[in-house]
Amino acid sequence: MTHSTSQKPVEVVIYGQWGGVEGQNFQNALKTYEKEHPNVKIKYVIQSKLRDAVLTELATGSPSFDIAILPWPALIKELGQKNQLEPMNSVVDAYKGDIMENLLEPVKVGDTYYAVPIKAWAKPGIWYNVHDFEKYNLTPPKTLDDLKADCKVFEQHGIQPMASGAADKWPLSDIFEAVLIRIGGPKLHNDLMLHKVKWTDPQVLEAFKVLHDLLKEGCYGDPKVAIGEKWEVQVTRLGKGEVAMYFMGNWINLMLQNQGFKPGTDYDLIPFPVINSSAQFAIVAGGDWVIIPKGAPHKEAAFELAKWLAGPEYQKIMVEQKGYLAPNLKVPKSAYDAVDAKIVDMMAKYPVVPDLDDNAPSGFQPIIWNELFKLWANPDDYQKIAQELEQYAEQYYKS
């Protein structure tokens, strides 16, 4: 069969929710693929209600998209079990051992992979201002006691020890998860996420008590001020050294660089300090996965493109544009700045756990945020707050 050169290119449609800089970076990367595959045109459609769009079209059995980029591994597994997605084993097999195992496991049912990860994100630890630590001859804290001691020094010198971004509420759940993991390891984290343990469990209460102590000892500054902190403003304050430490996700690295601060020189990263030395460390992380629906209009072209997105060529282009972590370990370390390279190493080395509040029943998530906000406002109420969370959890996990 001969192909005539005037053959109309295949239009592969991708649904996703990446907008702004990330959406632009993604479209730049896709141009590389189109150059290498002149018979393919890619149409990227930003769906603000991505879950609804995908579920509605899958239900019809004849979707109008070829690929969707989804951040919800639990949903992907459900769709796979309903036989609505193409198995992606051929793509996974093409990169044997090169894709982060802890991002493949969550989308696997039996021996079948229903998606491949093309982007990773992480909430790796505490970002700290290097100059603040050097100025007072402090080393970044390794234990909870070190952390409290460092907080005292900063407080004495008029520097806010830690920021929380409490006004936006969601950052508080990330701090809580970091403490929880340091008390009971990945098992406690996952058990609470699935409500196999109660919010009033002694180990969970210990996490509340640790936060109570940090708040009472002034580690987050004046509580009345702390509850008004917007999270993005704290990024700038950290860069300027007005705040010494900030627990936040990997995206803060790009934000700090955009403001002119240099990774490794002006700021750096440490894991949350050790609380219980026998608890295994784990990192809260997730990603974005590519799925191909059953009945995709251009199945063959979709698989070709999915294979490229799961590979090092595409991911290196994205990493070099910053703010992107590659699940494919063949992306060279040299593509990253020093701080992002450190995060990728952590993700390859330590167990990865899903974000607790993101994976709780959807109505329960804002309740977690509101209750932790109450903790920041009134740390002494921590036992009552744990009891309230348990009462809500019993309702939400039953329904």
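Residues numbered from 1 in each chain as written. Predicted model: local features only at pLDDT ≥ 70, side-chain atom pairs only at ≥ 80, totals over all residues. Heavy atoms only, no water.

Okay, the packing of helix 8 (residues 170-193) against helix 16 (residues 365-377) next. Their axes nearest at 8 Å, the elements helix 8 and helix 16 cross at an angle of 80 degrees. The angle between the axes of helix 8 and helix 16 places the two elements in the roughly perpendicular class. Note on element contacts: helix 16 touches helix 8 through Ile368, Trp369, Leu372, Phe373 and Trp376, opposite Trp170, Leu172, Ser173, Ile175 and Phe176. For the contact of helix 8 with helix 16, the per-class residue count stands at nine nonpolar, one polar and no charged. (Axes fitted to C-alpha atoms, helices over the stretch in contact; angles between N-to-C directions. Helix = DSSP H or I, 4+ residues; strand = E, 2+ residues; numbered from the N terminus. Parallel < 35°, antiparallel > 145°, perpendicular 65-115°, else oblique. Contact = heavy atoms within 4.5 Å. Nonpolar A, V, L, I, M, F, W, Y, C, P; charged D, E, K, R; others polar.)

To continue, consider the pairing of strand 9 (residues 243-248). Among the six residues of strand 9, six are classified as buried, and the element is accordingly described as predominantly covered. Pairing geometry for strand 7 (residues 125-129) and strand 9, over four bridges, is antiparallel. Note on strand 9: the bridge partner recorded for Tyr128 is Met245. In terms of strand pairing, strand 8 (residues 160-163) meets strand 9 through three bridges, oriented parallel. Of the residues in strand 9, the one forming a bridge with Gln160 is Val243. (Buried < 20%, exposed > 50% of the residue type's maximum accessible area, 1.4 Å probe, protein only. Pairing = 2+ DSSP bridges.)

Computed from the structure, the second largest pocket encloses a volume of approximately 210 Å³. Forming the walls of the second largest pocket are 11 residues, and the residues nearest its centre are Val10, Asn39, Val40, Glu300 and Ala301. If you tally residues by element for the lining of the second largest pocket, the top one is helix 13 (residues 299-309), at three residues. Looking at the lining of the second largest pocket, its residues break down into four nonpolar, four polar and three charged. (1 Å grid on protein atoms, 1.4 Å probe; cavity = no way out; pocket = protein on both sides within 12 Å on 5 of 7 lines; lining within 4 Å. Points joined across faces, edges and corners; volume = space filled by probe spheres on them.)

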